[in-house]
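# Structural characterization, general
As a plain string of letters, each chain reads:
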Amino acid sequence: MSNARYPSLHDRVVFITGGGSGIGAAMVEAFVAQGSSVAFVDVARDESLRLVERAAGPQKPLFIECDLTNLAALEAAMVEIRQRLGPIAVLVNNAANDTRRAFAEVTEADWDFTIAVNLKHQFFAAQIAAQSMREIGGGSIINFSSTAWMIGSRRLTVYAAAKAAVLGLTNSLAHELGGDNIRVNCIAPGAIMTERQRRLWFTTEADVAAMVARQCLPQAIGPEAVASAALFLAADDSRMITKHCLLVDAGLR
Ligand SMILES: NC(=O)c1ccc[n+]([C@@H]2O[C@H](COP(=O)([O-])OP(=O)(O)OC[C@H]3O[C@@H](n4cnc5c(N)ncnc54)[C@H](O)[C@@H]3O)[C@@H](O)[C@H]2O)c1
């Protein structure tokens, strides 16, 4: 599937967290194809280096290996991106970890890690990126939520709590930053059939079919469909859209 062309994304500096695989990788490829100047961080080194090789566009993406539960490392990566590519105009807060755990077995350390990897970095990345965006007269922040918390999912309670909080974060940041012409929106994906999801949770065609049967639209959703939504929210075509949560779920919810 090819995407619409967005002239406003050409040469725009786009920073994507967790861009090495899954939906993040689809977004890296989609922004690179628009001629954007893309940087991403990830812990998955090999997958990220393969992505840099295959990404096709006028400029190769910049990969920085970084565990963003370490906020100092995240800040250092963002400083490096600013030095090498220029001020960040688009921040995509995508990185996450949806490891399942039985309710009774969740420890305090699990809770802290799950919040750190799914929520905390979104706030601090926005705080740092907003400085760059103010300098260039505005920007777009796209936070990743999930339909998991809207539906309610067993073994994902802490993840769901973090992803629900992303909506509150988005709404408050939209007010906080709107005066600086910085838009803040969120995307809530449904069941997106990334390689990881297929490997861990949707291992058979019957698993996929059972999920599709819960949707209004009768097709499995690929990561490119989410990337299309991110392009729109990053481009000037959505210039008057902020404080919005866009569900890409084929009507699952
Ligand atoms: N795939 C789905 O069905 C689905 C559904 C709802 C919401 N989402 C959300 O969409 C976004 C992308 O989903 P996905 O399925 O591609 O995610 P994913 O679990 O495959 O991981 C995203 C990326 O983040 C990276 N990452 C994980 N921990 C990191 C860390 N500490 N530091 C740096 N990078 C790290 C991973 O290596 C991976 O490349 C996430 O925010 C996720 O919660 C996905």
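Higher on the page you've got the structure.
Residues numbered from 1 in each chain as written. Predicted model: local features only at pLDDT ≥ 70, side-chain atom pairs only at ≥ 80, totals over all residues. Heavy atoms only, no water.

Time to look at the packing of aromatic side chains. All chains considered together, the criterion is met by two aromatic pairs. On the numbers, 4.9 Å between centres and 80° between planes, the contact of Phe123 with Phe124 is edge-to-face. The class of Phe124 is partly exposed, set by a relative accessible area of 29%. Across from the ring centre of Trp201, 3.8 Å away, lies the NZ or CZ of Arg100, which sits over that ring. (Phe/Tyr/Trp six-rings, centres within 6.5 Å; stacked < 30°, edge-to-face > 60°. Buried < 20%, exposed > 50% of the residue type's maximum accessible area, 1.4 Å probe, protein only. Lys NZ or Arg CZ within 6 Å of the ring centre and 35° of its normal.)

Once that is clear, we can look at the site of the ligand. Ser21, Asp42, Asn94, Tyr159 and Ile192 are the nearest of the 27 residues found near the ligand. One nitrogen or oxygen atom from the side chain of Ser21 is found 2.7 Å from an oxygen atom belonging to the ligand. Within the backbone of Cys66, one N or O atom sits 3.5 Å away from a nitrogen atom of the ligand. Relative to its unbound accessible area of 820 Å², the ligand is 92% covered by the protein chains. Broken down by secondary-structure element, the contributors of at least two residues to the shell around the ligand are helix H1 (22-33), helix H6 (157-178) and helix H7 (195-200). (Near = heavy atom within 4 Å. Polar contact = N/O pair within 3.5 Å; in protein donor to acceptor, adjacent residues only side chain to side chain. Areas by Shrake-Rupley, 256 points an atom, 1.4 Å probe, with all protein chains shown as cover. Helix = DSSP H or I, 4+ residues; strand = E, 2+ residues; numbered from the N terminus.)

Another aspect to go through is the sheet that holds strand E7 (residues 245-248). Spatially, E3-E2-E1-E4-E5-E6-E7 is the arrangement adopted by the seven strands of the open sheet, whose pairing is parallel. If you trace the sheet from one side to the other, it starts and ends with strand E3 (62-65) and E7, each paired once. Between one strand axis and the next, the sheet turns by 15° as a mean value, whatever way the strands run. Sheet topology places strand E4 (residues 90-93) next to strand E5 (residues 139-144); four bridges connect them, and they run parallel. (Pairing = 2+ DSSP bridges. Axes fitted to C-alpha atoms, helices over the stretch in contact; angles between N-to-C directions.)

Judged by how many residues are buried, E5 sits mostly within the fold: six of six residues are covered. Taken together, E4, helix H4 (residues 108-135) and E5 constitute a β-α-β crossover, and its handedness is right-handed. Across six bridges, the pairing between E5 and strand E6 (residues 182-189) is parallel. Considered in E6, the bridge of Ile142 is made with Asn185. (Right-handed = clockwise from strand over helix to strand, strands pointing away.)

It is worth spelling out the environment of Leu9 at this point. Along the chain, Leu9 turns up in the segment before strand E1 (13-17). Overall, Leu9 belongs to the buried group, its relative accessible area being 0%. Separated by 81 residues in sequence, Leu9 and Val90 have C-alpha atoms that sit 9.4 Å apart. Other than its neighbours up to four places away in sequence, Leu9 contacts Phe31, Gln34, Gly35, Ser36, Leu231, Ala234 and Ala235. (Contact = heavy atoms within 4.5 Å.)

Here we come to the nonpolar core. Membership of the largest hydrophobic core comes to 36 residues, with the highest contact counts inside it found for Ile16, Met27, Phe31, Val92, Ile142, Phe144 and Ile187. Of all the elements in the fold, those that place two or more residues in this core are E1, H1, strand E2 (37-42), helix H2 (45-54), E4, E5 and helix H9 (223-234). With eight residues, H1 is the largest single contributor of residues to this core. Every residue in contact with Val92, bar those within four places of it in the chain, is listed here: Val14, Phe15, Ile16, Thr17, Met27, Ile142 and Phe144. Core analysis: the second largest hydrophobic core is formed by 34 residues, Phe15, Ala126, Met133 and Leu177 among them. (Core = buried A, V, L, I, M, F, W, Y, C linked by side-chain atoms within 4.5 Å.)

This part is about the environment of Ala220. Summarising the element assignment, Ala220 is placed in the loop between helix H8 (205-212) and H9. For the pair Ala220 and Pro7, spaced 213 residues apart in sequence, the C-alpha separation works out to 30 Å. With residues near it in sequence (within four places) discarded, Ala220 still touches Met193, Val208 and Val212.

Looking now at the pattern of salt bridges. The tally for this structure, following the rule as stated, stands at 10 salt bridges. The closest approach of N and O atoms between Arg100 and Asp98, which form a salt bridge, is 2.9 Å. For Arg100, a relative accessible area of 21% puts it in the partly exposed group. (Salt bridge = Lys/Arg side-chain N within 4 Å of Asp/Glu carboxyl O.)

Moving on, we come to the environment of Gly20. Along the chain, Gly20 turns up in the loop between E1 and H1. When its relative accessible area of 4% is taken as the criterion, Gly20 is described as buried. A C-alpha to C-alpha distance of 4.3 Å links Gly20 and Ser48, two positions 28 residues apart in sequence. For Gly20, the residues in contact, after removing those within four places along its chain, are Ala25, Phe40, Asp42, Glu47, Ser48 and Leu51.

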